[in-house]
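Summary of the model geometry
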Amino acid sequence: MANGQWYPPEWPDRIRALAEGSLTPVAPKRAATVMLLRDTRTGPTVHMLRRRASMAFAGGAYAYPGGGVDPRDEHPVRWAGPTRAWWAQRLNVDEAAAQAIVCAAVRETYEEAGVLLAGPTDDSVVGDTTGEDWETDRAALVARDMSFAEFLDRRGLALRSDLLGAWTRWITPEFEPRRYDTWFFVAALPEGQRTRNASTEADRTVWIRPTDAAASYDKGELLMMPPTIATLRQLTPYDSAAEALAAAPDRDLTPVLAQAGLEDGEIVLSWPGHDEFTKHIPTGGTPA
């Protein structure tokens, strides 16, 4: 492996089946993930987790906290920051979907990293969230015994949508058996909070500079999916979390969707706008 690109061995066969018409793409599920940033003396670091090798999707790969939208993420919540209408326009979805996607981003960050982008007032954020009572609530969210709306309401908290910046959008390739339409967000670690490995899906978490993570990927030391390494590279120009957040409103959210086609007897797999991920797969062979 020249780098750390996640490449499942079953992809060539699935791509051929899609090209031949014998594979019907599954509909992608909406999802959200958050690149949580923390400033250091040497620049911003990003919080990443390594998915357990036993995971059916992207096992062993480094990623950010995130997951699928829960239908209950559309339930009414106390909302701070840009309106749902603003988010609907930004994410190019209707208002109910916009709220659900933003809620999923905040909820999953709390479920998987213990960090909560919410506060008792529209301009405040909760502090330490590591107490036993917080953990009980977090576990109830993970088990889906409690909706995020119920959690916020019970604690008298407002979701701080202004602490998120929409960064990019990627859709899992059509030949994948599990597909997600994922919005990537950036956020800064709130003062007084700290991350922890709260996810049952991860066996390791790290704070790492985007440049260092990208270098480790290039050496084949860190395994990542294309959107993960692509977003890491996009973060490298920024000297602080605030700079990255300030850049988010101007980011293009046109979905990135892999394309696979047959050229000169081989399959060519590409992600528009991201030439580094292009793969040439000889018929019956392995990717080059």
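Use the structure listed above.
What this report covers is the structure whose coordinates are included nearby. Note that this is a predicted model, so its numbers are computed, not measured. (Residues numbered from 1 in each chain as written. Predicted model: local features only at pLDDT ≥ 70, side-chain atom pairs only at ≥ 80, totals over all residues. Heavy atoms only, no water.)

**Some details on the overall build of the chain**
How we decide: Here a strand is any run of E in DSSP of at least two residues, a helix any run of H or I of at least four, and the numbering for each starts at the N terminus. Radius of gyration: C-alpha atoms only; globule rule: 2.2 Å multiplied by the number of residues to the exponent 0.38. For the exposure calls, accessible area comes from a 1.4 Å probe over protein chains only, and a residue counts as buried if that area is under 20% of its type's maximum, exposed if over 50%, partly exposed in between. Working rule for contacts: check all heavy atoms of both residues, and any pair within 4.5 Å makes them a contact. Accessible surface area values rest on a Shrake-Rupley calculation with a 1.4 Å probe, where residue burial reflects the displayed protein chains alone. A residue counts as positive if it is Lys or Arg and as negative if it is Asp or Glu; His and the chain ends are not included. The atoms used to mark charge sites are NZ of Lys, CZ of Arg, CG of Asp and CD of Glu.
Along the backbone of the chain there are 8 helices and 14 strands. The C-alpha atoms of the chain give 19 Å as radius of gyration, which agrees with the globular expectation for 288 residues (19 Å, within 12%). Across its three principal axes, the chain shows a C-alpha extent of roughly 60 × 40 × 35 Å. Counting over 288 residues, the chain shows a buried share of 52%. Partitioning the intrachain contacts of the chain with sequence separation of at least 6 by distance along the chain shows that 70% fall at a separation of at least 24. Accessible area of the chain: about 12,800 Å², with a carbon and sulfur share of 48%. Averaging the coordinates of the 30 positive side-chain charges in the chain and doing the same for the 41 negative ones gives two points 4 Å apart.

**Points about the packing of aromatic side chains**
Going by this rule: Pairing of aromatic side chains requires ring centres within 6.5 Å, counting the rings of Phe and Tyr and the six-membered ring of Trp. Pairs whose planes differ by under 30 degrees are stacked, by over 60 edge-to-face, and all others tilted. A ring is considered to have a charge above it if a Lys NZ or an Arg CZ atom is located within 6 Å of its centre and within 35 degrees of its normal.
For the coordinates displayed, the defined rule picks out 10 aromatic pairs. Here a set of aromatic residues connected by ring pairs shows up, and it is made of Tyr110, Trp134, Phe148 and Phe151. Geometry around Trp134 places Arg155 over its ring, the cationic atom sitting 3.7 Å from the centre.

**Focus on the environment of Ala105**
Mapped onto the elements, Ala105 comes out in helix H3 (residues 95-113). Ala105 sits in the buried class, given a relative accessible area of 1%. Along the primary structure Ala105 and Ser161 are separated by 56 residues, whereas in three dimensions their C-alpha atoms are 9.6 Å apart.

**A word on the sheet that holds strand E5 (residues 79-80)**
What counts is decided by this rule: Strands pair, by our definition, only if DSSP identifies at least two bridges between them.
Spatially, the 3 strands line up as an open sheet ordered E5-E7-E6, and their pairing is mixed. Edge positions in the open sheet fall to E5 and strand E6 (118-119), since each of these has one partner strand only. When E6 meets strand E7 (residues 158-160), the two strands line up antiparallel, connected through 2 bridges. When the sheet's bridge partners are listed, Gly119 is paired in E7 with Ala158.

**What to know about the pairing of strand E8 (residues 165-171)**
Within E8, 7 of the 7 residues are buried, leaving the element largely enclosed by the surrounding structure. Here 6 bridges tie E8 to strand E9 (residues 180-188), and the two strands are oriented antiparallel to one another. Residue pairing across strands places Ile171 opposite Asp181, the latter belonging to E9. Here 2 bridges tie E8 to strand E11 (residues 256-257), and the two strands are oriented parallel to one another. Counted as the bridge partner of Trp170 is Val256 from E11.

**Here we look at the side chain of Thr45**
Take Thr45: it is sitting in strand E2 (residues 43-51). In contact with Thr45, not counting residues within four places along its chain, are Leu36, Leu37, Arg38, Thr40, Trp207, Ile208, Arg209 and Pro210.

**What about the side chain of Ser216?**
One can find Ser216 in helix H6 (residues 210-218). Classification of Ser216 by relative accessible area gives buried; the value is 17%. Among residues more than four places away in sequence, those in contact with Ser216 are Glu221 and Leu222.

**Regarding the pattern of salt bridges**
Worth spelling out the cut-off: Salt bridge criterion: a side-chain nitrogen from Lys or Arg within 4 Å of a carboxyl oxygen from Asp or Glu.
Using the criterion set out here, one finds 18 salt bridges in the structure. One salt bridge in this structure joins Asp133 and Arg155, with 3.3 Å as the shortest N-O distance. Placement of the pair is Asp133 in helix H4 (residues 132-142) and Arg155 in helix H5 (residues 148-155), with a sequence separation of 22 residues. Given a relative accessible area of 44%, Asp133 falls into the partly exposed group. In this structure, the salt-bridge partner of Arg154 is Asp137, at a minimum N-O distance of 2.3 Å. With Arg154 in helix H5 and Asp137 in helix H4, this pair connects stretches of sequence that are 17 residues apart. Each of Asp70, Arg72, Asp73, Arg107, Glu108, Glu111 and Arg144 takes part in a single network of salt bridges with overlapping partners.

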